[in-house]
Amino acid sequence: MRHLSANSYALLLQHDCPGIARNITTGADRLRAAVLWHFVHTTSIDALERMDEQQFKDTALAHGYALPPQELPALFKVMTAELRAVNDAFVETETEGHPLAPTTATSPTSPPPSSGSV
């Protein structure tokens, strides 16, 4: 599996990956994040670049059905560590207001922010 790169991060943002593009609020979000992470980091770069939006969605969905659940704990560990490193880098470089700054997304293990009264 490839490590997180600028382009894979952008691809995950583009496809609304929980934990990247928005906060993880449910177990389903956490699983979707893991499937998309694994899909983006194990599919050939050439194949990813050739896919249109619908092909990406269809292929990622099929990938999720083929991903053995026993692989998830190790995958969550890698995903969390790499996202934490990115978030830490943004904090260290004071990127307040930047779209990738930690204030706009949390790590996969962070609790969702309180939403106040609804």
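This structure is a prediction, so every number in the text was calculated from the model and none was measured.

### Here's the deal with helix α2 (residues 27–42)
Since there are 3.6 residues in each turn of an α-helix, residues three or four apart along the chain are aligned in direction.
Then, number 1: The end-to-end C-alpha distance of α2 is 23 Å, a good match for the 22 Å that 16 residues give at a rise of 1.5 Å each.
Then, number 2: Taken together, the buried positions of α2 are occupied by D29, A33, A34, V35, L36, W37, H38, F39, V40 and H41.
Then, number 3: Taking the backbone nitrogen of A28 as reference, a side-chain oxygen 3.3 Å away marks T26 as the first, capping residue of α2.

### Section: unusual backbone geometry
Then, number 1: The backbone of D16 shows a phi angle near 55°, a positive value even though the residue is not glycine.
Then, number 2: With respect to the helices and strands, the residue D16 is situated in the loop between α1 (6–14) and α2.
Then, number 3: Look at D16 and you get partly exposed, because its relative accessible area is 36%.

### Here's the deal with the environment of P73
Then, number 1: Note that P73 resides in helix α5 (residues 72–92).
Then, number 2: With relative accessibility at 55%, the residue P73 sits in the exposed group.
Then, number 3: Along the sequence, P73 and A34 sit 39 residues apart, while their C-alpha atoms lie 9.6 Å from each other.

### Concerning the packing of aromatic side chains
Then, number 1: Inspection of the entire model under this criterion finds one aromatic pair.
Then, number 2: Measuring from ring centre to ring centre gives 5.1 Å for F39 and F56, while their planes differ by 75°; the resulting arrangement is edge-to-face. Note that F39 is positioned in helix α2 and F56 in helix α4 (residues 53–66), a separation of 17 residues in sequence. Taken individually, F39 and F56 each receive the classification buried, so the pair is uniform in this respect.

Calculation notes
Every chain's residues receive numbers from 1 upward, in the order its sequence appears when written. Residue-level local features of this predicted model are given only where pLDDT is at least 70; pairs of side-chain atoms are given and counted only at 80 or more, and the full residue set underlies all totals for whole chains, interfaces and linings. Excluding hydrogens and water, the side-chain values take into account all heavy atoms of the structure. Note on conventions: DSSP H or I runs of at least 4 residues are helices, E runs of at least 2 residues are strands, and numbering of each starts at the N terminus. Between the first and last residue of a helix there are one fewer steps than residues, each counted as 1.5 Å, and that sum is the expected span. Relative accessibility under 20% of the residue-type maximum defines a buried residue, over 50% an exposed one, and the middle range a partly exposed one, all with a 1.4 Å probe and only protein chains included. In protein, a polar contact requires one atom able to donate a hydrogen and another able to accept it; more generally it is a pair of N or O atoms within 3.5 Å, and residues adjacent in sequence count only if both atoms are side-chain atoms. Side-chain rings of Phe, Tyr and Trp, where Trp is taken by its six-membered ring, are said to pair if the distance between their centres is within 6.5 Å; with planes under 30 degrees apart they count as stacked, over 60 as edge-to-face, and otherwise as tilted.

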